[in-house]
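Next come the chains, spelled out residue by residue.
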Amino acid sequence: MSAKFTNLIDLSDMPVKMWNEVVELGAKISDNPEEYAHACDGKILATLFYEPSTRTQMSFRTAMLRLGGTVIGFDNPENSSVSKGETIKDTTKIVSNYADIIAMRHPLEGAAKAAALTADCPIINAGDGGHLHPTQTLTDLLTLSKEKGRLNNLTVGLCGDLKNGRTVHSLCKALSCYPNNKFVLISTPELKLPSYVKDILTASGTAFEEVASLEEAIGKLDVLYMTRIQRERFSSEEEYESQKDVYRLDHAKMLKAKSDMCVLHPLPRVDEIAVEVDDDPRALYFKQAKYGMYVRMALIMTILKDKTAYPVTLLKGKAANDIVCTNPKCITHKETYLPKSFRGIGDTIECDYCDERILKKH
Ligand code: NCD
């Protein structure tokens, strides 16, 4: 099913050329934000946030305000008709007639894609459960291109909750499209990177190793991407407790790192980075959050300039309403009217909404 609009659901749907243009425009805006103060005069952004957020929501809102546009939306679905049982389809259908563009965050995987199937304006995925977070990745790409001067030839350490961290999944997929990047995946065995993301790295020829010790890995890294253990995505409190304090970046560990390594974190931080690290010039996470606003300005401008420039296919697979996705967090379980669709042939298929791999039973 082909979309009417340029939606940003998964960066991988878009040509790398488009990401590079957004990142370059983000860099120009960050050098001279006043020049863009009227770029979206008269336009309206709706932020539909079904899940808590500080940076993503506020940076989207300020991005539109700084472009001269206005903002509507909710950050607590309990205050909207969602609390009366309204479906994503109906909410986004209505809001897409009020607004020119929608940024949506939802706890279920594939939710933004579900909205894009029927909305009457472009949809930006601002995070769908533990799945993807493409605008955080654009933020990370702008930060790396400004601060490291390149998006290739980087040894990137990813540390923490690699299983549930949607920012990690999107970043791995994106950096695997630039030459000679290497990943050092630092996690406990329980929180390893999902196999579908590792397969993407392998298919692109991106080298990666899986290790358990941050201390041993830190010396070889150009970039250390720390992440929070995603408490809200664990099925029990005990499971979370067993994982929560395993990794902590502190001054002693920073002594072992290269003098030009940069430390990124999508934030919020819990206690995986000691506050003492904040004063280290290599700690760039607060600056990174500011780049997030500039890159979102660039993204909104790019999509609104020509709303139909990249109408990518949303459901790439075959319709199969008799197959049930095995991922309990997949949007298709809650929004049961959605046309089910799976990619692949033979015994292994992938859900078109959440990318879950399913082994077909005979
Ligand atoms: C991240 C997210 O929401 O996935 N934060 C963000 O967007 N800045 C990371 C997190 O919540 O841990």
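Residues numbered from 1 in each chain as written. Predicted model: local features only at pLDDT ≥ 70, side-chain atom pairs only at ≥ 80, totals over all residues. Heavy atoms only, no water.

Every α-helix winds through 3.6 residues per turn, so residues three or four apart in the chain are directed the same way. Summarising burial for helix H4 (residues 111-118): seven of the eight residues are buried, a large majority. Among all positions of H4, only Ala111, Ala112, Lys113, Ala114, Ala115, Ala116 and Leu117 are buried. Next to the buried residues of H4 lie helix H3 (88-98), strand S3 (101-106), strand S4 (123-128) and helix H12 (331-334). (Buried < 20%, exposed > 50% of the residue type's maximum accessible area, 1.4 Å probe, protein only. Helix = DSSP H or I, 4+ residues; strand = E, 2+ residues; numbered from the N terminus. Contact = heavy atoms within 4.5 Å.)

Counting through the fold element by element, Thr313 comes out in the loop between helix H11 (285-305) and strand S10 (318-319). Sequence-wise, Thr313 and Gly165 are 148 residues apart; in three dimensions their C-alpha atoms are separated by 25 Å.

Attention shifts here to the pairing of strand S1 (residues 44-49). The buried fraction of S1 is high, at five of six residues. For S1 and strand S2 (residues 70-74), the ladder comprises five bridges, and the chain directions are parallel. From the neighbouring strand, Leu48 faces S2, where its bridge partner is Phe74. Of the crossover connections in this fold, the one passing from S1 over helix H2 (residues 55-66) to the parallel S2 is right-handed. Looking at chain direction, S1 and S3 are connected through five bridges and run parallel. Following the sheet pairing, Leu45 is matched in S3 by Ile101. (Pairing = 2+ DSSP bridges. Right-handed = clockwise from strand over helix to strand, strands pointing away.)

On to the site of the ligand, then. All residues adjacent to the ligand are Arg55, Thr56, Arg105, His133, Gln136, Arg166, Thr167, Arg228, Gln230, Pro266, Leu267 and Pro268. Arg105 is positioned such that a nitrogen or oxygen atom in its side chain is 3.1 Å from an oxygen atom of the ligand. Side-chain polar atom of His133 to an oxygen atom of the ligand: 2.6 Å apart, as the coordinates give it. Classifying every residue of the shell around the ligand gives three nonpolar, five polar and four charged. Counting the residues that make up the shell around the ligand, at least three belong to each of domain 1 (11-133 + 290-305) and domain 2 (138-288). (Near = heavy atom within 4 Å. Polar contact = N/O pair within 3.5 Å; in protein donor to acceptor, adjacent residues only side chain to side chain. Nonpolar A, V, L, I, M, F, W, Y, C, P; charged D, E, K, R; others polar. Domains from an automatic or database assignment.)

We now examine the nonpolar core. Core analysis: the biggest nonpolar cluster contains 62 residues, and Leu138, Leu158 and Ile300 have the highest contact counts within it. For this core, the leading source of residues is H11, giving 11 residues. The two domains that each donate at least three residues to this core are domain 1 (11-133 + 290-305) and domain 2 (138-288). Counting residues in hydrophobic clusters, the runner-up holds 36 residues, among them Ile9, Tyr50, Val82 and Ala111. (Core = buried A, V, L, I, M, F, W, Y, C linked by side-chain atoms within 4.5 Å.)

Quick look at the packing of aromatic side chains now. Taken as a whole and judged by the stated rule, the model has four aromatic pairs. Where Tyr285 meets Phe286, the ring centres are 5.1 Å apart and the plane angle is 65°; that geometry is what we call edge-to-face. The ring of Phe60 carries the charged tip of Arg296 above its face, separated from the ring centre by 5.1 Å. (Phe/Tyr/Trp six-rings, centres within 6.5 Å; stacked < 30°, edge-to-face > 60°. Lys NZ or Arg CZ within 6 Å of the ring centre and 35° of its normal.)

Looking now at the packing of H2 against H11. Two elements in contact, H2 and H11, have axes separated by 8 Å at closest approach and are oriented at 55°. When the axes of H2 and H11 are compared, the pair comes out oblique. Viewed along their axes, H2 and H11 form a crossing whose handedness is right-handed. Across the interface between the two elements, Arg55, Thr56, Ser59, Phe60, Thr62, Ala63, Met64 and Arg66 of H2 pack against Ala289, Gly292, Met293, Arg296, Met297, Ile300 and Leu304 of H11. (Axes fitted to C-alpha atoms, helices over the stretch in contact; angles between N-to-C directions. Parallel < 35°, antiparallel > 145°, perpendicular 65-115°, else oblique. Left-handed = near helix turned anticlockwise from the far one by under 90°.)

By themselves, these are just geometric observations and shouldn't be taken as functional.
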